[in-house]
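Examining the three-dimensional arrangement
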Amino acid sequence: MRYPGDIVAAVQPEFEAALWRARAMEQQTALLVAGRPRRVLLEMLFSVIVYLLGVLDSVECLAAAGRGARKTRECSRVHRIEKALEIAQSELTRLQEFADQAAVRAALKHYVQGLFIGGGAVVASAWTASQVHMFEQAPTLDLVRAIAAGGLGAIISVLIRISRGQRLDVDTTQEPFLTCLAGSSRTVIGGALGVALYVLLKAEFIPLEIPAASDAAAPYFFTAIAFLAGFSERWAQDTIVRSTPLATSASGSPIPSTSTPCASAPTESAAGGGTGAGLVQTTSLPVIAPPTPDGTDLARRPPD
């Protein structure tokens, strides 16, 4: 829709500002929103622009006709313009909120598409693990279950947050390809965390008892751990950090923490066995008794 912007600005600058806001929202809608929400927004913006131009045209026509007293005519013109601007600004604010929500929904659509694309990558990784000898002499189904369960946990975690109405940290201004890539990486990270916990459990870095192969719970153990890792990244990261072994010194003993209080100095009995590295040898000093006064000292003392 075209209108003489310079004429509108000369007659009523506030109208031009409201019309400019509507046109800017139209450009934002064209870039960030698609489909039915975009058509609804464009129709509503068109209605607001038509309303503003209609009010401005009617007010200026009445002013040009010169009907009624000049003071009454001016007061009525100002009142109609202020009322129209108030209504238009309120409607534009509501449409701006609708446009932001539509942009978030569009970004979430690309994000969810990326989730399932990443799920395909996780399935391909699980199939590869079933064919390749990675950690054992023969391919094991536990590793395959860990990869698949980690990716599935990541997908279910995101879908639950969306169904509950919790807002995800999705940038609505970036390209749809990047949003889709971010969604696919979420699933891949879930599968990778499942593999990481599987390896740590096998290496006995995590103090959990692994069921025996003959146990009925054995097929479900690694599947459950990997699913929890994909479902909650924070829990998986905390578990990995806590399983990190302590650094050891050259002698093989763990290096104490800097917050550990220093040991007290050895006593005389402990030091008597000889000196060692890091020990302070103590020496017993003779006890000197205070001197007793003799006759000369008594003579020098002044009388009381």
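Look above for the structure.
Attention here is on the structure that accompanies the text. (Residues numbered from 1 in each chain as written. Predicted model: local features only at pLDDT ≥ 70, side-chain atom pairs only at ≥ 80, totals over all residues. Heavy atoms only, no water.)

Some thoughts on the overall build of the protein chain
Rule in force here: Runs of E in the DSSP output that reach at least two residues are strands. Runs of H or I that reach at least four are helices, and both are numbered from the N terminus. When a residue's accessible area, from a 1.4 Å probe over protein chains only, is under 20% of the maximum for its type it is buried; when over 50% it is exposed; and in between it is partly exposed. Residue contacts are counted whenever heavy atoms from the two residues lie within 4.5 Å of one another. The Shrake-Rupley method, run with a 1.4 Å probe, gives the accessible areas here. Residue values count only the displayed protein chains as cover.
Secondary structure summary: the protein chain contains 10 helices and zero strands in total. Put simply, the protein chain runs from its N terminus to its C terminus through helices and strands in the order α-α-α-α-α-α-α-α-α-α. When each of the 304 residues of the protein chain is scored for burial, the buried share is 27%. In the protein chain, once contacts between residues fewer than 6 apart in sequence are set aside, the share between residues at least 24 apart is 68%. Of the roughly 20,400 Å² of accessible surface on the protein chain, 60% is carried by carbon and sulfur atoms.

What about the pattern of salt bridges?
This is how the line gets drawn: Here, a salt bridge means any Lys or Arg side-chain nitrogen found within 4 Å of an Asp or Glu carboxyl oxygen.
All chains considered together, the criterion is met by four salt bridges. Of the charged contacts in the structure, one is a salt bridge between Glu26 and Arg23, with a shortest N-O distance of 3.1 Å. Of this pair, Glu26 and Arg23 both sit in helix α2 (residues 13-32), three residues apart, which is roughly one turn of the helix. Look at Glu26 and you get partly exposed, because its relative accessible area is 28%.

Let's talk about the packing of aromatic side chains
Between two aromatic rings, the relevant description is the distance of the centres plus the angle of the planes. Rules: Pairing of aromatic side chains requires ring centres within 6.5 Å, counting the rings of Phe and Tyr and the six-membered ring of Trp. Pairs whose planes differ by under 30 degrees are stacked, by over 60 edge-to-face, and all others tilted.
Counted by the stated rule, this structure contains three aromatic pairs. Judged by centre distance (6.0 Å) and plane angle (20°), the ring pair of Phe227 and Phe231 falls under stacked. Separated by four residues within a single helix, Phe227 and Phe231 lie in helix α7 (residues 218-231), roughly one turn from each other. Given the relative accessible area of 26%, Phe227 is considered partly exposed. Each residue in the set Tyr198, Phe221 and Phe222 is aromatic and connected to the rest through ring pairs, giving one cluster.

Overview of unusual backbone geometry
Even without being glycine, Glu204 reaches a positive phi, approximately 60°. Residue position: Glu204 is located in the loop between α6 (176-202) and α7.

Points about a nonpolar patch on the surface
Our working definition: Within the patch definition used here, like charges are joined within 9 Å and nonpolar side chains (Val, Leu, Ile, Met, Phe, Trp, Tyr) within 5 Å, considering only residues with over 30% relative accessible area and no salt bridge.
Judged by side-chain polarity, Val132, Met134, Phe135 and Val199 come together as a nonpolar surface patch covering roughly 350 Å² of accessible area. Tracing the backbone through its elements, the reader meets Val199 in helix α6.

Describing the packing of α6 against helix α8 (residues 233-242)
Packed helix pairs are characterised by how far apart their axes lie and by the angle those axes make with each other. Test applied: Every angle, taken between N-to-C directions, lies between 0 and 180 degrees, and every axis is a line fitted to C-alpha atoms, over only the stretch in contact when it is a helix. Handedness of a helix crossing follows the sense of rotation of the near helix relative to the far helix, less than a right angle counterclockwise being left-handed and clockwise being right-handed.
Their axes nearest at 11 Å, the elements α6 and α8 cross at an angle of 30°. As for how α6 packs across α8, the hand of that crossing is left-handed. Between α6 and α8, the residues in contact are Arg186, Ile189, Leu193, Ala196, Leu197 and Leu200 and Glu233, Trp235, Ala236, Thr239 and Ile240, respectively.

Considerations on the packing of helix α5 (residues 141-163) against α7
Stated precisely, the cut-off is as follows: Residue polarity follows a fixed list, in which Ala, Val, Leu, Ile, Met, Phe, Trp, Tyr, Cys and Pro are nonpolar, Asp, Glu, Lys and Arg are charged, and the others, Gly among them, are polar.
Their axes nearest at 7 Å, the elements α5 and α7 cross at an angle of 35°. Handedness of the crossing formed by α5 with α7: right-handed. For the pair α5 and α7, contact is made by Asp142, Arg145, Ala146, Ala149, Gly150, Leu152, Gly153, Ala154, Ile156, Ser157 and Ile160 and by Ala218, Pro219, Phe222, Thr223, Ala226, Phe227, Gly230 and Phe231, respectively. Taken together, the residues that form the contact of α5 with α7 break down as 12 nonpolar, five polar and two charged.

Thoughts on α2
Stated formally: Expected helix span is given by 1.5 Å per residue-to-residue step, counting one fewer step than there are residues. The arc refers to the directions leading from the helix axis to the C-beta atoms.
In a regular helix each residue adds 1.5 Å, so 20 residues correspond to 28 Å; α2 covers 29 Å between its end C-alpha atoms and thus fits that length. Every buried residue of α2 is accounted for by Phe15, Ala18, Leu19, Ala22, Met25 and Thr29. One side of α2 holds all its buried residues, which, seen down the axis, span an arc of 115°. The exposed residues of α2 that point more than 90 degrees off its buried face are Trp20 and Leu31.

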